[in-house]
Amino acid sequence: MQFGKNQKVELIKEVPLFGGLSKSQLGSIAQLADEVDVPTGKELIAEGDRGRQFFVLVEGTADVRRRGRKINRMNNGDFFGAIALVSDRPTTASVTATEPSRLLVITASGFRRLLRDSPDVQLKVLLALAERVPDN
């Protein structure tokens, strides 16, 4: 079953990264998001690779591993891949689906275009990302 634009907006607005955005801004993001179903064991992000996609986990679970060690479990509504997209640095962990999962995926080029063309969205997204980065 494919999500319509309104369903995508409802899913995306639950993501803390996009929490401060207007309905119109959320609609712009929803237009960029593709819906993807993946099987158990599918590696979504490989540690050390360049970030190419931003993911919102709609249904399912995924494990996050750094240097082979599990450090987190992602669940419905969790998102990952944004920091590598914004910073153009290698990803810091691998993420693998631990059950059949449905995700919304935004490509790096689409995400960057959105940030470039919408300064107000860019500011809100960068502030949300800053909140996710631990203090050193």
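We now turn to the structure provided with this report. Every chain is numbered on its own, with residues counted from 1 as its sequence reads. Local features in this predicted model are restricted to residues of pLDDT 70 or higher, and side-chain atom pairs are both shown and tallied only at a pLDDT of 80 or more, whereas totals for entire chains, interfaces and linings draw on every residue. Excluded from the side-chain calculation are hydrogens and water; included are all heavy atoms of the structure.

Re the packing of aromatic side chains
Within a pair of aromatic rings, the relevant descriptors are the distance that separates the centres and the angle that separates the planes. Let me state the cut-off plainly: Here is the rule: rings of Phe, Tyr and Trp (six-membered ring for Trp) pair when centre to centre is within 6.5 Å. Planes less than 30 degrees apart are stacked, more than 60 are edge-to-face, and the remainder are tilted. Strands are runs of DSSP state E lasting at least 2 residues, helices are runs of H or I lasting at least 4, and numbering of each runs from the N terminus. Under the scheme applied here, a residue whose accessible area is under 20% of the maximum for its type counts as buried, over 50% as exposed, and between as partly exposed, the area being computed with a 1.4 Å probe on protein chains only.
Counted under the stated rule, the structure contains four aromatic pairs. Plain terms: the ring middles of Phe54 and Phe111 are 5.5 Å apart, the flat faces sit at 25 degrees to each other, and that makes the pair stacked. Taken together, the positions of Phe54 in strand 3 (residues 53-59) and Phe111 in helix 4 (residues 108-117) put the pair 57 residues apart, joining distant regions of the chain. What makes Phe54 buried here is its relative accessible area of 0%. Note on Phe111: relative accessible area 1%, which makes it buried. Three or more aromatic residues joined by ring pairs make a cluster, and in this case those are Phe18, Phe54, Phe79 and Phe111.

Looking at the environment of Gly4
Turning to its location among the elements, Gly4 is positioned in the segment before helix 1 (5-12). Taking relative accessible area as the criterion, Gly4 reaches 32% and is therefore assigned partly exposed. Separated by 26 residues in sequence, Gly4 and Ala30 place their C-alpha atoms 9.1 Å apart.

Quick look at the side chain of Ser94
This is how the line gets drawn: Pairs of N or O atoms within 3.5 Å make up the polar contacts considered here, provided that, within protein, one atom can donate a hydrogen while the other can accept it, and that residues adjacent in sequence are counted only when both atoms are side-chain atoms. We call two residues in contact whenever any of their non-hydrogen atoms come within 4.5 Å of each other.
Mapped onto the secondary structure, Ser94 falls in strand 7 (residues 94-97). At 2.8 Å, the side chain of Ser94 and the backbone nitrogen of Glu47 are in polar contact. Not counting chain neighbours up to four residues away, the residues in contact with Ser94 comprise Glu43, Ile45, Ala46, Glu47, Asp63, Val64 and Arg65.

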